[in-house]
Amino acid sequence: MKFPLNYISLKKNVVACAIFLIFSAIPTYGQLSKSIIIHEYIPIPSADGTILASSLALPDSEGPFPTMIIRTPYGNRKNKGMLERFAQLGYACLIQDTRGRYDSGGYFAPFIHGIEDGEATLKWVRSQPWSSGIICARGHSYPGFTSLYLAAGDEEPPAAVVA
């Protein structure tokens, strides 16, 4: 079945609305910030020491902030607009290259290291002074699986996952 082009646009708008509704339920939501701080390369060590390259955006205001995590094999630097949008809405936003992709170390083996690398990322985020400890994850396609993996490990799962 072939969908008209406006169906794709509608689908994107529905996803955006779902994300907004999920985040509007988080108590710390609402710190709007036009000024943001972007860190283009943050090395996060996995449990076995492999470096997972991440980009981070923070509102340029008083924290702590809830955090949106997106783990992707498609390149974290391709999502600068998303980093900026979440930070302007008052969230810390971390977009991470999965193991073996782009600037992350190791070997890319789809679905193999998702849980332990996700746990290491959750622990790292929760240990940061800017983090409120409230974490949400999002993604579609492969990043959807990595978002679900964040909820599958032994670490406290994200408050919400949109996959």
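Residues numbered from 1 in each chain as written. Predicted model: local features only at pLDDT ≥ 70, side-chain atom pairs only at ≥ 80, totals over all residues. Heavy atoms only, no water.

**Student:** Which parts of the structure should I look at to understand the layout of surface pockets?
**Tutor:** The gaps left among the atoms become clear once a water-sized probe is rolled over them. When its volume is computed, the second largest pocket comes out at roughly 160 Å³. If you trace the second largest pocket, you find it lined by I70, T72, Y74, N79, M82, R138, G139, H140, S141 and P143. Along the lines of polarity and charge, the residues of the lining of the second largest pocket split into four nonpolar, five polar and one charged. (1 Å grid on protein atoms, 1.4 Å probe; cavity = no way out; pocket = protein on both sides within 12 Å on 5 of 7 lines; lining within 4 Å. Points joined across faces, edges and corners; volume = space filled by probe spheres on them. Nonpolar A, V, L, I, M, F, W, Y, C, P; charged D, E, K, R; others polar.)

**Student:** Just checking my understanding: could you explain the environment of P157 for this structure?
**Tutor:** Secondary-structure assignment places P157 in the loop between α4 (142–150) and β6 (160–162). Accessibility expressed as a relative area gives 40% for P157, which makes it partly exposed. It is 10.0 Å that separates the C-alpha atoms of P157 and G118, two residues lying 39 residues apart in sequence. Once residues within four sequence positions are removed from consideration, P157 is found in contact with R126, L150 and A151. (Helix = DSSP H or I, 4+ residues; strand = E, 2+ residues; numbered from the N terminus. Buried < 20%, exposed > 50% of the residue type's maximum accessible area, 1.4 Å probe, protein only. Contact = heavy atoms within 4.5 Å.)

**Student:** Help me understand the confidence of the model for the chain, please; the structure alone is not making it clear to me.
**Tutor:** In low-pLDDT regions, the fine details of the predicted coordinates are not to be read closely. The pLDDT averaged across the chain works out to 86; a share of 81% of its residues lies at or above 70. Of all helices and strands in the chain, the one with the weakest mean pLDDT is helix α1 (residues 5–24) (51), whereas strand β4 (residues 92–97) scores best (98). Taken together, the stretch residues 24–28 has pLDDT below 50 and engages in six contacts with residues farther than four places along the chain or on a different chain. (pLDDT = per-residue confidence, 0-100.)

**Student:** Is there a simple way to think about the environment of I37 in this case?
**Tutor:** Tracing the sequence through the fold places I37 in strand β1 (residues 36–45). Accessibility expressed as a relative area gives 34% for I37, which makes it partly exposed. The spatial distance from the C-alpha of I37 to the C-alpha of E84 is 8.8 Å, given a sequence separation of 47 residues. Look past the residues within four positions of I37 in its chain and what remains in contact with it is L56, A57, L58 and D60.

**Student:** Is there a simple way to think about the pattern of salt bridges in this case?
**Tutor:** Evaluated as defined, the whole model comprises four salt bridges. One salt bridge connects D48 with R99, and the closest N-O pair in it is separated by 3.0 Å. One end of the pair, D48, is in the loop between β1 and β2 (51–59); the other, R99, is in the loop between β4 and α3 (114–126), and 51 residues separate them in sequence. Residue class for R99 comes out buried when judged on its relative accessible area of 8%. The closest approach of N and O atoms between R126 and E155, which form a salt bridge, is 3.7 Å. With R126 in helix α3 and E155 in the loop between α4 and β6, this residue pair connects regions lying 29 residues apart in the sequence. (Salt bridge = Lys/Arg side-chain N within 4 Å of Asp/Glu carboxyl O.)

**Student:** Whenever I open this one, the nonpolar core confuses me. Can you help?
**Tutor:** Here is a general trend for soluble globular proteins: nonpolar side chains tend to be buried in one another's company. By size, the foremost hydrophobic cluster in this structure holds 15 residues, and its most contacted members are L56, L58, I69, L94, W124, V125 and W130. Of all the secondary-structure elements, those providing two or more residues to this core are β1, β2, β3 (65–72), β4, α3 and β5 (131–138). If one sorts the elements of this core by residue count, α3 sits on top with three residues. If we ignore the near neighbours within four places in the chain, the residues touching W124 are I42, I44, L94 and W130. (Core = buried A, V, L, I, M, F, W, Y, C linked by side-chain atoms within 4.5 Å.)

**Student:** Hey, could you run me through α4 in this one?
**Tutor:** Because an α-helix packs 3.6 residues into every turn, residues spaced three or four apart end up facing the same way. Within α4, seven of the nine residues are buried, which leaves it mostly tucked inside the rest of the structure. Turning to α4, its buried residues are Y142, P143, G144, T146, S147, Y149 and L150. Along its buried surface, α4 packs onto β3, α3, β5 and β6.

**Student:** Looking at this structure, I do not really get empty space enclosed by the protein. What am I missing?
**Tutor:** For the structure on display, the rule yields one cavity of 30 Å³ or more. Size it by volume and the largest cavity reaches roughly 90 Å³. The residue inventory of the lining of the largest cavity, partitioned by class, reads six nonpolar, three polar and three charged.

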